[in-house]
Structure formats: structure tokens, C-alpha cells
Amino acid sequence: MSALRTWPGLAVACVVAVVLAIVVTAIVGAVLRAVARRRTWPELLIRNARVPFRLFLLVVVLWIAVTISLPPEVPGGWQQGIHHTMLILAIVTGVWFAAAMVVFVEDLGLARYRLDVPDNRYARKVRTQVLILRRLTVVAAVVIGLGAVLLTFPALQAAGASLLASAGVIGIIAGVAAQSSLANLFAGIQLAFSDAIRLDDVVVVEQQWGTIEEITLTYVVVHVWDDRRLVLPSTYFTTKPFENWTRQHSELLGSVEFDLDWRVSPGGMRSELNRILATTNLWDGRTGVLQVTDAVAGWVRVRVLVTAKDAPTLFDLRCLVRERLIDWMQRYAPASLPRSRVELVEPPAPSVPTARAQAQTNDDARLFGGSPEKEQRGAQFTEAIPVIQPGVDGDEEQARP
């Protein structure tokens, strides 16, 4: 045993530890690949835990080799520093390996729920919740690992009581400083388990139609129909109303409306609609109705109601019905097309008034003549006006009334 506690012995022990880690990793990998011929879960395990398992195994065997073969002439401070470093590496890689195993279990559960099936509402619900749990698991693993590493320092262990005593004040300060972030965090957790939205749900937010592409602890990404991404905070979906077209099921009902002339034939359009729906696989067969919903202001409004299995199919079906019915009206019912009618009215011919009527009109237009009442009114005004008469010698006499 004393022969190992030398510098050459330390080197040999480290080499043996590395070779042992490689051999164990190769054996475990061979066993998993053999099982993968019949099962699918080994592939998930290899993909998630291969790197952290190798690092954790390497750190453990190296720690054992260093503990066994570390020369005694190494100072005590250096020995403690080496063991402390190996302990921190073991904690970090061990927490990483544990988190990878939890993610593997989550992926194993998600593999049972497929999204490439027509009715995948429950699968999308489970996937949304599991993905939120995965992010919480990663955050919890990081916090636990960081706490375990900090507790390996004696100074922090001695200050543990004071840190716990001040945890209340620190929590209040952190809560006030990160109020919006914490609100989004709890809103993200609420969205994961309230079933308000799920991955691939069709929603209408901010007057934009799209699908839920990603749900995190703080924000939600909506894939808009024109390939844009709308990033919204998680609190948006807990504080504001929005439309979810696929919360219970993906089947939808849509409408196509026409403003047509009064000479339209609803029966003919209904027959053409039935023929269109019978020749397309976009229609799910549930509802196909044509109705006249309004007939005022010179137009007849015709509404068509159709159903489809999901929102994209419904959009294509509505466009198809609109296009085919317009083509049918242009070909076979041109009288149905909307028209604006203008009525031309000739103005009446002017009549020539008679002499008596003209005189009556002139009398009506006078203020002081034409009738006894108007003559009397004129006399009242003219009696007060002085009359000037010329004198005998050419001089003007004084005006008299």
C-alpha cells in the first residue's frame, strides 16, 4: 500500500482509473445497444445521459485513485484543496447526471403520446406539462447543485445561521425587485397545468392567427400564419382574453358570405354547394348549409356554413367554396352578380301663369298696396310725411303737414 503512495504510483493509479472508466463506459454502451435492438428506450438514455455519466464516472474513479495513492509528503493544505476540488466536481457531475436521468424519464413518458395523429389534444396537453416540468427540474437541479457546492466551504457553513435569519428580508427585497419576472414564472406554471393553452394550439392573439410553438416559464412563442413569431409574456394569457380554437377539439365551423342581386337563385346555389362539398376531401361531412341571412338595401346576403377537421383545412375549404361558387355564378347564373341600379327621372315642364294669377302674385308681393288692408297700412305711413309747396314769389313756404 505504501508503494502506491508515491508520485509514480499516483500516475499509475490515475491511468488505471481512466482506463477503468473507459472500460465501464464501453460495457454499459454495448449492453444498451444490444437492448436497443428490441427496445427504443436505450436510445433515449444514451442521448440524454451519455456525457454526464462518463464525466461523473471519471471524476469518481479519479477521486478514489487520488485518495488511495496521494503521496504523504504533499502538504495538508494541498491535500484538502485536492479533495475539495474533487468533491465539487463530483457534486456538479452527479447533479448533471441526475438531471439527465430525470429528463430521460420524462422523454420516455412523452414517447407514449404521439402528435402525428388526428386527435392529439391529450398528447399536446401532456407534452406541454412535461416540458414545463422539465424546465423546473433543470432549474431545481442547478439550485440544488449550487447550494451543495456552497455548503462545502466552511465559511458558508458557519454563516448559515445568519443567512437563514436574513432570508426573510432578502426574500422580500428579491420579490419586489423581480416582481414581473416572478409573475411570469408563476403564470408559466399556471399555463402548464390549467390547460388554457397547449403546444400546437390554434389561437388568435393581438388580432394575429397562429399556433403555440413554445411555452417557457416566462414567455410564450406564437407561430403566426405568415411565419412570423409573436413572443408574449406568460402573464398575457392569464390576464387578457384570447381565442383558442383547439382547446376541446380541432373541428371548426366557418362561413362564406356573398352580397348578390335579388335575382339570385338560392336553390341553384345550394345544389352547387352540395356538389362542391361532395367532390372535396377538405369537408368533414358535419355541416354544409346555405342560407339567405339578409335582403335589404338593394342586396341579398347569402351565407354558407361549412366545417373541417382543423383550422388550416377550414381556411382552404372556405377559399375553395368561395372560388367555385363565384365561377358557377359567372358561368350559369350571371343575373345573380351584384348590380347597382340608377333611376333616371325627367324634370316636370314649367307652366305659364295667367294674367290674373300674375296680378295676384304681384299683389301678394306688395307691402302697401293690392288690398284694403295694405292701402290702410300705406296711409298710416304717408300721413306723417311733410309736404313742401312752393310760394307765390318763388320762396318756399314753411312746410306744413
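Residues numbered from 1 in each chain as written. Predicted model: local features only at pLDDT ≥ 70, side-chain atom pairs only at ≥ 80, totals over all residues. Heavy atoms only, no water.

Note the following rule: UniProt positions are given in the numbering used here, feature names are shortened, and annotations may be inferred rather than shown by experiment.
Naming follows an unreviewed UniProt entry, where the protein chain appears as Small-conductance mechanosensitive channel of Leifsonia aquatica. Under the UniProt heading Subcellular location (unreviewed entry), the entry covering the protein chain gives this text: "Membrane".

## Considerations on the environment of Ala311
We apply this condition: Helix and strand assignments come from DSSP, with helices taken as H or I runs of at least 4 residues and strands as E runs of at least 2, each series counted from the N terminus. Burial classification: accessible surface area is computed with a 1.4 Å probe over protein chains only, and a residue below 20% of its type maximum counts as buried, one above 50% as exposed, and the rest as partly exposed. In this description, contact between two residues means that some pair of their heavy atoms is separated by no more than 4.5 Å.
Here Ala311 lies in helix α11 (residues 311-332). Here Ala311 falls in the buried class, since its relative accessible area comes to 4%. Residues Ala311 and Trp209 lie 102 residues apart in sequence; the distance between their C-alpha atoms is 9.9 Å. Residue contacts for Ala311: discarding those within four places in its chain leaves Val202, Trp209, Trp245, Ser250 and Leu252.

## Some points on the nonpolar core
Where we set the bar: Side-chain atoms within 4.5 Å are what join buried Ala, Val, Leu, Ile, Met, Phe, Trp, Tyr and Cys residues into a set we call a nonpolar core.
Membership of the largest hydrophobic core comes to 24 residues, with the highest contact counts inside it found for Phe258, Leu260, Met269, Val304, Val306, Val321 and Leu325. Here this core gets seven residues from one element, more than from any other, and that element is α11. Not counting residues up to four positions away in its chain, the partners in contact with Leu325 are Phe258, Met269, Glu272, Leu273, Ile276 and Val304. Counting residues in hydrophobic clusters, the runner-up holds 16 residues, among them Leu199, Ile215, Tyr236 and Phe237.

## Considerations on the environment of Leu260
Tracing the chain through its elements places Leu260 in strand β6 (residues 252-260). Taking the relative accessible area as the measure of exposure, Leu260 reaches 3% and is therefore buried. For Leu260 and Gly298, which are 38 residues apart along the polypeptide, the C-alpha to C-alpha distance reads 8.9 Å. In contact with Leu260, other than residues within four places in its own chain, are Met269, Trp299, Val300, Val302, Met329, Ser336 and Pro338.

## Some details on the packing of aromatic side chains
Describing an aromatic ring pair means giving the distance of the ring centres and the angle of the ring planes. Cut-off, in case you're wondering: Only centres within 6.5 Å qualify two rings of Phe, Tyr or Trp (six-membered ring in Trp) as a pair; their planes then separate them into stacked at under 30 degrees, edge-to-face at over 60, and tilted for everything else.
This structure, assessed with the given rule, holds six aromatic pairs. Between Trp41 and Phe104, the aromatic rings sit 6.5 Å apart at their centres with planes inclined by 55°, giving tilted as the arrangement. Of this pair, Trp41 sits in helix α2 (residues 41-69) while Phe104 sits in helix α3 (residues 76-110); the two residues are 63 residues apart in sequence, bridging distant segments of the chain. A relative accessible area of 32% means that Trp41 is categorised as partly exposed. According to the relative accessible area criterion, Phe104 is buried, its value standing at 8%. Ring plane angle 5° and centroid distance 6.2 Å describe the contact between Phe56 and Phe97, whose orientation is recorded as stacked. Of this pair, Phe56 sits in helix α2 while Phe97 sits in helix α3, and the two are 41 residues apart along the sequence. Exposure remark for Phe56: the relative accessible area of 27% places this residue in the partly exposed category. Accessibility expressed as a relative area gives 23% for Phe97, which makes it partly exposed. An aromatic cluster is defined as three or more aromatic residues linked by ring pairs; in this entry it consists of Phe53, Phe56 and Phe97.

## Thoughts on the pattern of salt bridges
As a reminder of what qualifies: Every case where a carboxyl oxygen of Asp or Glu lies within 4 Å of a side-chain nitrogen of Lys or Arg is listed as a salt bridge.
Enumeration according to the criterion identifies eight salt bridges in this entry. Between Arg198 and Asp201 there is a salt bridge, with the nearest N and O atoms lying 3.4 Å from each other. The residues Arg198 and Asp201 share a single accessibility class, namely buried. Asp261 is paired through a salt bridge with Arg263; the nearest N and O atoms lie 3.3 Å apart. With a relative accessible area of 0%, Asp261 lands in the buried category.

## Observations concerning the sheet that holds strand β7 (residues 288-294)
Rules: Note on pairing: DSSP must find at least two bridges between two strands before they are called paired. The angle between two axes is taken between their N-to-C directions and runs from 0 to 180 degrees, where each axis is a line fitted to C-alpha atoms and a helix contributes only its stretch in contact.
Strand order in the open sheet formed by three strands is β6-β8-β7, with antiparallel pairing between adjacent strands. Strand pairing shows two members of the sheet lacking a second neighbour, β6 and β7, which therefore form its edges. Ignoring strand direction, the axes of neighbouring strands in this sheet form an average angle of 25°. For β7 and strand β8 (residues 300-308), the ladder comprises six bridges, and the chain directions are antiparallel. Each bridged residue has a counterpart across the sheet, and for Val289 the counterpart in β8 is Leu305.

## Structural notes on the UniProt feature "transmembrane region" (unreviewed entry) in the protein chain
As recorded in UniProt, the feature "transmembrane region" (unreviewed entry) lies at residues 6-32, 53-70, 82-105, 131-153 and 159-178. Between the end C-alpha atoms of residues 6-32 there is a gap of 38 Å, over a span that is 96% helix and 0% strand. In residues 131-153, helix accounts for 91% and strand for 0%; the two terminal C-alpha atoms are 34 Å from one another.

## Observations concerning the environment of Val222
Relative to the elements of secondary structure, Val222 occurs in strand β3 (residues 219-224). For the pair Val222 and Gly210, spaced twelve residues apart in the sequence, the C-alpha separation amounts to 6.0 Å. Filtering out sequence-adjacent residues up to four positions away, Val222 remains in contact with Val203, Val205, Gly210, Thr211, Ile212, Arg228, Arg229, Leu230, Leu232 and Phe237.

## Quick notes on unusual backbone geometry
Here Glu206, not a glycine, exhibits a phi torsion of approximately 50°, which is positive. In this fold, Glu206 is placed in the loop between β1 (202-205) and β2 (208-215). Of note, Asp227 is a non-glycine position whose phi angle comes to about 70°, a positive value.

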